[in-house]
Amino acid sequence: MHTKSLRELSSDLHAKKISSVELTQHFLNRIEKFDKELNSFITVTPEHALASAKKADELLSKNNAGPLTGIPMAQKDIFCTLNIKTTCGSKILDNFIAPYNATVVEKCNQAGLIMLGKTNMDEFAMGASNESSYYGPVKNPWNLNCVPGGSSGGSAAAIAAGLTPIATGTDTGGSIRQPASMCNLTGLKPTYGCVSRFGMIAFASSLDQGGPMGRSAEDIALFMNVLAGFDEKDSTSVQREKEDYTKNLNNPIQKLKIGLPKEYFTQDLNTDIHKAIQEAIKIYQKLGAEFVEISLPHSPLAIPVYYTVAPAECSSNLSRYDGVRFGHRCENPKDLMDLYKRSRAEGFGPEVKRRILTGTYVLSAGYYDAYYLKAQKIRHLIRDDFMEAFKKVDMILGPTAPTTAFPLGSKTSDPVSMYLADIYTSAVNLAGLPGISLPVGFQHNLPIGMQLIGPHFKESLLLNAAHLFQQETNWHTKTPEGF
Amino acid sequence: MTWETVIGLEVHVQLLTKSKLFSGASISYGAEPNTQACAIDLGMPGVLPVLNKEAITMATKLGVSINATVNTRSVFARKNYFYPDLPKGYQISQYDLPIVSNGHLNIILENGEIKKIGITRAHLEEDAGKSLHEAMPNTSGIDLNRAGTPLLEIVSEPDMRSAKEAVAYLKTLHSLVKYLDICDGNLQEGSFRCDANVSVRKKGAEKFGTRAELKNINSFKFVEKAINIEVERQIEILESGGTVVQETRLYDSDKNETRSMRSKEDAHDYRYFPDPDLLPVVISDKFITDIKNNLPELPNQKQERFIKQYSLSEYEATILASSKEMANYFEETVKNADAKLSANLIIGELASYLNKNNLDISSSAISSTKLSGLVTRISDGTISKNIAKKVIEEMWNTGKSADEVIESQGLKQVSDSGEIIKVIEEIIKNNPSQVAEYRSGKDKLFGFFVGQVMKAMGGKANPAQLNELLKKYLAS
Amino acid sequence: MSVTKENIHHIANLARLNIDEARIPEYTENLNKLLDLISQMEKVDTQHITPMSHPLEGQHQRLRDDKITEKNQREDFQKIAPKVIEGLYIVPQVIE
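Bear in mind the structure is a predicted one, so any value in this text is a computation, not a measurement.

What counts and what doesn't
- Residues numbered from 1 in each chain as written.
- Chains lettered and ligands numbered in written order.
- Predicted model: local features only at pLDDT ≥ 70, side-chain atom pairs only at ≥ 80, totals over all residues.
- Helix = DSSP H or I, 4+ residues; strand = E, 2+ residues; numbered from the N terminus.
- Rg over C-alpha atoms; globule rule 2.2 N^0.38 Å.
- Buried ≥ 20, exposed ≤ 12 C-beta atoms within 10 Å, placed from the backbone.
- Axes fitted to C-alpha atoms, helices over the stretch in contact; angles between N-to-C directions.
- Parallel < 35°, antiparallel > 145°, perpendicular 65-115°, else oblique.
- Left-handed = near helix turned anticlockwise from the far one by under 90°.
- Contact = placed C-beta atoms within 7 Å.
- Nonpolar A, V, L, I, M, F, W, Y, C, P; charged D, E, K, R; others polar.
- Pairing = 2+ DSSP bridges.
- Bend = angle between axes of the 7 residues up to and from the residue.
- Expected span 1.5 Å × (residues − 1).
- Core = buried A, V, L, I, M, F, W, Y, C linked by C-beta atoms within 7 Å.

We now examine the overall build of chain C. Across its full length, chain C holds 3 helices and 3 strands. Element order for chain C, N to C, with α for helix and β for strand: α-α-β-α-β-β. The globule rule puts the C-alpha radius of gyration for 96 residues at 12 Å, and the 23 Å found for chain C is more than 25% above it. Oriented by its inertia axes, the alpha-carbon framework of chain C measures out at about 55 × 45 × 25 Å. A total of 96 residues make up chain C; the buried ones form 27% of that total.

Structural data, given as structure tokens:
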């Protein structure tokens, strides 16, 4: 049951082979059984879920249901949920109950999806291992000694372990694609402006984008139909016609031109990952795609630029957590300064503090030009590289992450080494492009992910290419033992 | 040594929109605390700003009325600092790309000369909330109703050379924003707030002195006082060999002094950067032209029209067009009454009552309709201009109409020649020596006879008629 | 460029964060490592490049009609506030 595709679940529900309440209960039972070990949820909402499932069953019985009505899902705990705690993985929001829904949550509710709970994440989505969460690390179902990736590590682990069929994630520098890669999932980071950011707690506003995570390209295409769309509450939301992301899934990809950036395929690339990708390339060649070597000359600078821009925006975005209107406040502040400094010091974890300090530094008088402004200029060059490449190719293929899942605690003592996990993903965010990660093999029983990057708003093409690949391979159908 | 004062003004104009700059919450004044602060105004997690179109329209209106460049591309930036009345920990403002730049405003100096004051820029920004200190000892209570209210900050060049010039500039700008209907101009409620950058330098010096920024001065009178007292303070420091410190100072109107606001000095590093939640604001040339073509009549246009249409002097027209309310009052009055007489009464008698009572024309005790009634009675000869002064005083005090006052006090002008002749004959009879002197050529005495008759008639004789009759009777 | 203990104190104060004195060396080292990493940017000549603060070029700010769309939700908002008296958010005294 828990490994079925969304299409199968949907047809079972519509055919009344199973009710939404039964399906929801099934997943709730699995969460109960496995999540003590995995820690993939911060909050589980059984009552809310069962009540929604009951409503979904009514709609289904009246044949008044949408394609995803009654299907369980999980929300990353970065999306605000009305009357249900939203922590963003932080102590500073441990007591925060939003009086509003994020647009993404609203859309999921309207589609009849059943929210099982809120998934664990790196604090304020800052991390690549899910170890910065105030609620403790999440374990990778493929190897309980390893991280699931981050920051959407809870969502990834929950899907991989069959605790939910799909979940939302957010991706600022790779936070959907990298955990998808480490947990053998398919995850899409949509074009910036495609999915509303309203009610999605901000980390770095010009980079953050919500998106779908699931087992297959088809699942996330169906999910994307719910998540995407213009929202007047988000000034950066792009007004365009509603798209059916499943429409082009089976389009032939003969003559599709795929670029291989020479900067990604260097001797630094892990051999097993390289091999897995070479095999994937062969499959695409069999499907008729053509490969061209391209260059993204500024891509080595993506990490420096990203780790300037993202902390800068974060330092400002996180100023609102001041202990005045909501969230954690220190005991007995002796004056206003003490209230601010102690509430924030107690509420934020070390990684968030590091980023706030970095961001404050790169924006401060005397350093702005050398760091922030310089980074925004190179960001332009990084984007131009992609635009230039897309004149020659339809999409770009490369690794998602430089390694497979690494052992828990192995990188926490050296934060900067952790930052390199975003080496292939962050440029995509800087340029606002869509990117998808899909399973292409294993190294020592740990999943390997491959990334496809497309021009702005070409999600359909990426999903199409990923789907055809998954028709030819069964990597994405593999599940970890013991779940 | 002689010193020259240099003043630049920053005026925060609260725009008369219905909703806030970035949210759909109401901006109306005086609501219960925090009942008009929505999730966006409170800086709740995940919420996002969406820009109010009307604020852009209003800023454009100001821009085209001060001959400024309205920038077709402007950018909102974040100004980062912590303060309890600033919910997000940053204020959304415009920094290096404001919506309006390089304009000017002409002001009229006391000697009637016109001076051009440069306006560097005008930018849109959101207002902060308010900290109230009465709630409990050692605490402050934060009301965020005002947070997010649209402000247009209008920054002048350091072109003013005296407190009086500063006030003239402020009054001109105040009148303009009210004319444009982009601000209610209420200084008490903080809809029109002024910060003054004040410095002094030796006369003839090229370099500006170190300036102090005087914060939030809430009346025109206090602006003048605050600047003067600050100038005195700075001169005193410089003359005793000290140096002026660049700082923010608060004017205390009770003590008539300025004092340093050290709390605001801490960490003046605002870390401005473009707000990633908002995109560049792009407006078309057509948008600007349409606004330009649909502007209401502005003070100087009104002034010219008054001169032509009502044959007023430049002086009269300038005063009557100086505020929208004054101009409206005048035009209401002249609908049914003589323009020249109306202008005289408004600028003369009425203005002096308003000044005495510290009132604005909009709260005049005599309505334009009633004033028009009075003017009519002068024009139709019922009363003289002289008597009118008495009538207007009574109208002001009692709220009665001109006719009621004239009736109840029997002030109606006497135009019955029989009655006037009777009095003239009486006066001639009682002053034989003066009559003789007059008749022997001492013309100056004519005024004496006019006075005597008027006195006897309680001032009610029709002056023209009296002159004519008196000449005739004295001659015979 | 390298960051000193004093820099950390200064930016921590700007960011209103208490930093444990004992951890200052760690924060200093971390920030210096990161600055080393991002100093690679110096190599690029960006003299004639315009900064890109937004990923989608050519998009403009959408404007909202001036309408009141929010109603009073004070009760909901203040339920989650640390300290409220008579509708006001309470903080230690703000000194002007």
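This paragraph deals with the packing of helix α2 (residues 20-38) of chain A against helix α3 (residues 46-61) of chain A. Residue and element names in this part refer to chain A. At their nearest, the axes of α2 and α3 sit 8 Å apart, and the two run at 155° to each other. Overall, the two elements α2 and α3 adopt an arrangement that is roughly antiparallel. Here α2 and α3 pass one another in a crossing that is right-handed. Along its contact with α2, which presents S20, V21, T24 and L28, the element α3 presents P46, A49, L50, A53, K54, A56, D57 and L60. Class assignment of the residues belonging to the contact of α2 with α3 gives a composition of 8 nonpolar, 2 polar and 2 charged.

A separate point is the pairing of strand β6 (residues 90-94) of chain B. Residues and elements named next belong to chain B. In terms of burial, β6 is largely enclosed, as 4 of its 5 residues are buried. Summarising the sheet, strand β5 (residues 76-80) and β6 pair through 5 bridges and their orientation is antiparallel. Residue pairing in the sheet places F76 in a bridge with Q94 of β6.

Taken residue by residue, the interface counts 40 residues in chain C and 52 residues in chain A. Sorting elements by how many residues they give to the side of chain C that touches chain A places helix α2 (residues 24-38) of chain C first, with 7 residues. Considering only residue class, the side of chain C that touches chain A consists of 26 nonpolar, 10 polar and 4 charged.

Residues and elements named next belong to chain B. Looking at the secondary structure, you find A461 in the loop between α14 (446-456) and α15 (463-475). Among the residues examined, A461 registers 25 C-beta atoms within 10 Å and is labelled buried. A sequence separation of 11 residues divides A461 from V450, and the C-alpha atoms of the two residues are 9.7 Å apart. Apart from residues no more than four positions distant in its own chain, A461 is found in contact with V414, I420, V453, M454 and L466.

Attention shifts here to the packing of helix α1 (residues 53-65) of chain B against helix α4 (residues 285-293) of chain B. Residue and element names in this part refer to chain B. Relative to each other, α1 and α4 sit at 65°, their axes nearing to 9 Å. Judged on the interaxial angle alone, α4 and α1 are roughly perpendicular. α1 and α4 meet at a crossing whose hand is right-handed. Contacts from T57, T60, K61 and V64 of α1 reach α4 at I288, I291 and K292. The class makeup of the residues in the contact of α1 with α4 is 3 nonpolar, 2 polar and 2 charged.

Residue and element names in this part refer to chain B. Taken in spatial order, the 9 strands of this open sheet run β3-β7-β8-β11-β1-β12-β13-β14-β15, and their pairing is mixed. Each edge of the open sheet is held by one strand with a lone partner, namely β3 (69-70) and β15 (257-260). The sheet contact formed by strand β8 (residues 114-126) and strand β11 (residues 150-156) spans 7 bridges and is antiparallel. Across the sheet, residue E125 finds its bridge partner in β11, namely L151.

At the junction of the two partners, chain B supplies 27 residues and chain A supplies 35 residues. Here the residues of the side of chain B that touches chain A sort into 18 nonpolar, 4 polar and 5 charged.

Moving on: α2(A). All names here are of chain A. The largest bend in α2 comes to about 40°, at E32. S20, L23, T24, F27, L28, I31, D35 and L38 are the residues of α2 that are buried. Looking at the buried residues of α2, the elements they touch are α1 (6-14), β1 (41-44), α3, β2 (72-76), β3 (114-119) and α5 (153-160). Just downstream of α2, N39 is the residue with a positive phi angle, here 65°.

Moving on: helix α15 (residues 459-472) of chain A. Structurally, the α-helix is built with 3.6 residues per turn, so residues lying three or four positions apart point the same way. Residues and elements named next belong to chain A. With 14 residues, α15 extends 20 Å between its outermost C-alpha atoms, agreeing within 8% with the 20 Å of an ideal straight helix rising 1.5 Å per residue. With 12 of its 14 residues buried, α15 lies for the most part within the structure. Its buried side turned inward, α15 meets β5 (186-189), α7 (217-227), α8 (271-286), β9 (395-399), β10 (435-443) and β11 (446-453).

Another aspect to go through is the nonpolar core. All names here are of chain B. Grouped together as the largest cluster of nonpolar side chains are 257 residues, with contacts concentrated most on A166 and A196. In terms of residues, this core owes the most to one element, helix α2 (residues 163-179), which gives 10 residues. When near neighbours in sequence (up to four residues on either side) are disregarded, A196 contacts I7, L9, A166, L214, I217, V223, A226 and I227. Residues F306, L312, I387 and A388 belong to the second largest nonpolar core, which totals 31 residues.

Purely geometric numbers; function is a separate question.
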